Structures are given as structure tokens and as C-alpha cells.
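Tertiary structure, described
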Amino acid sequence: MLCLGIESTAHTFSIGIVKFDKGKCVVLANEKDLYSTEKGGFIPAEAAKHHVAVCDVVLKKALERAKINIKEIDIISYAQSPGIGTTLEVGCIVAKSLAVLFKKPLVGVNHCIAHMQIGKALCGAKDPVMMDVAGANTQILAYEAGKYRIFGESLDGGMGNYLDKFARELGLGFPGGPKIEQLALQGKNFIELPYSVKGMDVSFGGIFTNIRQKFASGRYSKEDLCYSLQETVFAMLIETCERAMAHTGKKELLLGGGVACNKRLQEMAKVMCKERKAKCFVPERQFLVDNGAMIAWLGILSYFL
Ligand code: AMP
Ligand code: MG
């Protein structure tokens, strides 16, 4: 059983091809092309133009990598939500066109659940609490009492978007998270910032206003600010994960989303899990970030199971 999945919820246009092989997820291709800028932030209309420009090349590469003809595909899936309207539309149109042209069933899937399912399939987590910490999404979710439920989330924007915005002010370009991570490695002094956990939810707005004011004052180095920012906001995220794990009684934590590529965040997650005798699962980078393979895998689960 073969599914071709299209991801286009934000800056990534990706096509994955996944085989359902005796209950196992076998990724045959996971090709992607990212919209990025040297300076300035994410412009939704420009990102959509990027996706239109690269979609045929990404499709060709995915089919070549998987060594299959598109006619062999059984179903087509695409990320239906949540995401940015302009970019979602591109993935949806490409998926519908392929489905009509090649007479294949079409399945729309949820992007956040796709992160969870690919993590489970490839890392072996059975019943995890998941932290999806990405550009627009920051959610702590788990499957509980017959439904996927959100236990905690950002009360304002997603973690990655805040990192990207701050990086833009530092003149670092988009995406900013990895650049902040590099600068943070050279930080030496911890600068106190607001810390905002509300139950299992977090709020970032005040912290970023505060750090922008500190940066504008010229009294702190970029390195110390990035270091202190990571220590503060990642501690908040890990605290909410721990609260969700305590609440649900689950013994597994699964990470997903682009910000989860951050080594310091991974380290904090592993320490917390070790302390409460739980397991921490971190998918390899290509499956942490937005990717077509996870959309293809959830397409299979949704359509056949
Ligand atoms: P996603 O929406 O899952 O593709 O994730 C994109 C977000 O992840 C962007 O906001 C990036 O800045 C952020 N990101 C990627 N790598 C890192 C990293 N190493 N540390 C922090 N944030 C990161
Ligand atoms: Mg994502």
C-alpha cells in the first residue's frame, strides 16, 4: 500500500512517499524545499509563490527517490490544517490535481496528528504525551479517553514564530531558531526574563516584549540574551510537558516540530524524563521538521485503518 503525502502548512513544501508494509511505516521518499530569507521575515504570499515554483521539482525528486511511477501510488494525502491559508492552498491544489489526473483517492489530514503518528511509527513510542513545538504551533497533546486532546498550548503565538521574530530584530534572517541556538552556545551570563506558565499553558508575548526592550537598551550581549531566552522558554515548555505527563500518568514524551531540533531543548526533555523514569523519543531531524512523509503515513492510517 503506497501513499504520496503533500505538506505545505507553512514554509516547507514537501512530498513524502510511504509504504504500509505488514503494519510498518517504510519511508521511500521525503523530499522538501524550504522558503527562507537572508533578511526579514516570513511573507505568506511569497511563501506560496515559492511552493508553486518548486512543487513539480519536489514531486519529480520524490518519485525518483522512491523509484516508483506515480501510477503505482494507491492514495494521495495532503495537510489540510492547521496552517497558513496561502501555502495550504498550494498543497491542496497539487494534491487534488494529482488525485483527479491519476484517479486516486484523496485524503486531507491534520498536520499536528501527523507529527505524532510519524514519531510513534518510527521511534516506537506507544502512548506518548507529545510536544509539538514549531513555527506556528506550540501544543502539548496526547490520545486520551478515545480522542486526541490538547492538554496545553501557547496562549499567544507559536514558539518558533517568536524566535524568528526576535532573530529578525537581531538581524539574523529567517528561520531564526537555529541561529539563536548557535549564539546561545556562546552565552555566559543568565539574564532573568519573565517566566509564564499557566496551568499546562504557556504565554510568550510578555517575555519577548521584555527581551526586545533589553536588547534595545544596548546593555546586554546578543549571546547572553539568546542563552537566557532559551533557558527560560524551554524550561516553561518542559514544565508543561511534565504537568501533562503527571496528569495523564503517561510514561513517554515524544518531541515534534522544528524547534524540537534544538539540542538544548532535547537535553532538557531527556533530563526531565529520566528524573520521572519516563522515556523521551526524538525522531530524526527530517521527521521532526515539517515533512511530507508524516502526511503520507497519516493518509494511510486515516484511509485504511
Ligand atoms: P516547523 O514549523 O515545524 O517546520 O518549524 C519551524 C520553526 O522551527 C522555525 O520557527 C524555526 O526557527 C524553528 N527551528 C528550527 N530549528 C531550530 C533550532 N535548532 N532551534 C530552535 N528553533 C528551531
Ligand atoms: Mg509542524
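Relevant structure appears above.
A short tour of the structure in this document, coming up. All figures in this text were calculated on a predicted structure; none of them were measured in a lab.

1. Topic: the overall build of the protein
Each helix and strand in the protein was counted, giving 10 helices and 12 strands. For the protein, whose C-alpha radius of gyration is 19 Å, the value lies close to the compact-globule estimate of 19 Å for 305 residues. In terms of principal-axis extent, the alpha carbons of the protein reach across some 60 × 45 × 25 Å. The contacts in the protein between residues at least 6 apart in sequence include a share of 73% that link residues at least 24 apart.

2. Section: the packing of helix H4 (residues 159–169) against helix H7 (residues 222–248)
As a packed pair, H4 and H7 sit with axes 12 Å apart at the nearest point and diverge in direction by 170 degrees. When the axes of H4 and H7 are compared, the pair comes out roughly antiparallel. Here Met159, Leu163 and Phe166 of H4 come into contact with H7, specifically with Leu225, Leu229, Val233, Phe234 and Leu237. Considering only residue class, the contact of H4 with H7 consists of eight nonpolar, no polar and no charged.

3. So, the nonpolar core
In this structure, Met159 and Phe208 are the most contacted members of the largest nonpolar core, which totals 47 residues. By residue number, the principal contributor to this core is H7, which donates 11 residues. Apart from residues no more than four positions distant in its own chain, Met159 is found in contact with Val133, Ala134, Gly135, Thr138, Phe204, Phe208, Val233, Phe234, Leu237 and Val259. Listed in part, the 26 residues of the second largest apolar core include Leu2, Ala62, Ala95 and Ala99.

4. What about the sheet that holds strand S5 (residues 106–110)?
Pairing in this open sheet of five strands is mixed, and the strands run S3-S2-S1-S4-S5 from one edge to the other. In this open sheet, the two strands that pair with only one neighbour each are strand S3 (24–34) and S5. Ignoring strand direction, the axes of neighbouring strands in this sheet form an average angle of 25 degrees. Across 10 bridges, the pairing between strand S2 (residues 12–21) and S3 is antiparallel. Within S3, the position partnered with Phe20 by the bridge is Cys25. Strands in contact with helix H3 (residues 111–123) are strand S1 (2–7), S3, strand S4 (75–81) and S5; relative to S5, the strand with the most contacts, it is inclined by about 90 degrees. Each of S1, S2, S3, S4 and S5 touches helix H10 (residues 292–304); the most contacted strand, S2, lies at about 45 degrees to it.

About the cut-offs
- Residues numbered from 1 in each chain as written.
- Chains lettered and ligands numbered in written order.
- Predicted model: local features only at pLDDT ≥ 70, side-chain atom pairs only at ≥ 80, totals over all residues.
- Heavy atoms only, no water.
- Helix = DSSP H or I, 4+ residues; strand = E, 2+ residues; numbered from the N terminus.
- Rg over C-alpha atoms; globule rule 2.2 N^0.38 Å.
- Contact = heavy atoms within 4.5 Å.
- Axes fitted to C-alpha atoms, helices over the stretch in contact; angles between N-to-C directions.
- Parallel < 35°, antiparallel > 145°, perpendicular 65-115°, else oblique.
- Nonpolar A, V, L, I, M, F, W, Y, C, P; charged D, E, K, R; others polar.
- Core = buried A, V, L, I, M, F, W, Y, C linked by side-chain atoms within 4.5 Å.
- Buried < 20%, exposed > 50% of the residue type's maximum accessible area, 1.4 Å probe, protein only.
- Pairing = 2+ DSSP bridges.

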